[in-house]
Amino acid sequence: GENVEQHPSTLSVQEGDSAVIKCTYSDSASNYFPWYKQELGKGPQLIIDIRSNVGEKKDQRIAVTLNKTAKHFSLHITETQPEDSAVYFCAASMSGGSYIPTFGRGTSLIVHP
Amino acid sequence: NAGVMQNPRHLVRRRGQEARLRCSPMKGHSHVYWYRQLPEEGLKFMVYLQKENIIDESGMPKERFSAEFPKEGPSILRIQQVVRGDSAAYFCASSSTGVPTYEQYFGPGTRLTVT
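The structure reproduced in this document is the subject of the present report. (Residues numbered from 1 in each chain as written. Chains lettered and ligands numbered in written order. Predicted model: local features only at pLDDT ≥ 70, side-chain atom pairs only at ≥ 80, totals over all residues. Heavy atoms only, no water.)

Here the focus is the packing of aromatic side chains. Under the defined criterion, the tally for this structure stands at eleven aromatic pairs over all chains. For the ring pair Phe103 of chain A and Tyr35 of chain B, a centre distance of 5.6 Å and an interplane angle of 85 degrees mean the geometry is edge-to-face. With Phe103 of chain A in strand β10 (residues 102-103) and Tyr35 of chain B in strand β4 (residues 29-37), this residue pair bridges two chains. Since its relative accessible area comes to 6%, Phe103 of chain A is described here as buried. Pairing Phe103 of chain A with Phe106 of chain B gives two aromatic rings, centres 6.2 Å apart and planes at 75 degrees, and the pair type is edge-to-face. Within this pair, whereas Phe103 of chain A is found in strand β10, its partner Phe106 of chain B is found in strand β10 (residues 105-106), the two belonging to separate chains. (Phe/Tyr/Trp six-rings, centres within 6.5 Å; stacked < 30°, edge-to-face > 60°. Helix = DSSP H or I, 4+ residues; strand = E, 2+ residues; numbered from the N terminus. Buried < 20%, exposed > 50% of the residue type's maximum accessible area, 1.4 Å probe, protein only.)

Laid out in C-alpha cells, this is it:
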C-alpha cells in the first residue's frame, strides 16, 4: 500500500519568513495530493491540493509543488503570519475507485510574532 | 451552507461501555469516511461508506467496531466494549457525488476518552 513520509515534524519560523514542508510517497499510481491544516481542537481543513498532471499550484501565500519522478511534493508558505501556526498534513491517493488517502504524520508549524 | 457536523464533540466512556459517534455530511454529499487520530499522529483511515453501503472497511478493526450510513439520518460509528486504547479523536469527512470526488471535507471530530 501507499506510504507517505512527512518532514519536518516541527518547524519554527519568525513572522514574515517562508516555511517549507516536504512529503514523499511510495506508490507511483497516486495522482492526487491534498494538504490539510489542523488548528488545535478542530478538524483538518483542506487548504490546497494538486493533481499529477500539474507540477505547481499557487493560491495567494500558499503553493504546492510536485515532482512525480522523485515522488515528492512540498508545501510552501510565504510571508508567514502567527495565524498560520497549526499542524499541517499531506496526503496521497489515487483518483477513482474508493479514493482512500494516506496521510503523513503531520508538521507542527509555529510562527513567532 | 453547513459543513460536516459531528456529535458529540467530547465523549467519556468507562471501559466496557459502548460509544456511538455521529456524523452528518455536508449538504449534497453522500460519501462518508471515518478516520482515527491518535495524539501527534496522522489520520488513519477506518471505513468508507455511501448511503446504505459499506464500500471499504479495510481500516476498521474486525471486532467491536461497526459503521453504518442509513438512507435517512447521520452516519454512525459504533464502538462496543470500549478499551483505553480506543481513546482518540475520531473524524469523519464527506465528499460529493459529483466529479471530481477527490475533495474531502472534515468535521470537527469527536474526542473519545475511555476511563
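The subject of this paragraph is the state of the cysteines. Following the criterion strictly, the structure yields two disulfides over all chains and no others. With its sulfur 1.9 Å from that of its partner, Cys23 of chain A forms a disulfide with Cys90 of chain A. Sign of the S-S torsion, about -100 degrees for the bond between Cys23 of chain A and Cys90 of chain A, identifies this disulfide as left-handed. Note that Cys23 of chain A is positioned in strand β3 (residues 19-25) and Cys90 of chain A in strand β9 (residues 86-92), a separation of 67 residues in sequence. Each sulfur in the disulfide pair Cys23 of chain B and Cys92 of chain B lies 1.9 Å from the other. Of note, the bridge from Cys23 of chain B to Cys92 of chain B carries an S-S torsion of about 75 degrees and is right-handed in sense. You can see Cys23 of chain B sitting in strand β3 (residues 19-24) and its partner Cys92 of chain B sitting in strand β9 (residues 88-96), a full 69 residues away along the chain. Across the pair, exposure class does not vary: Cys23 of chain B and Cys92 of chain B are buried alike. (Disulfide = S-S within 2.5 Å.)

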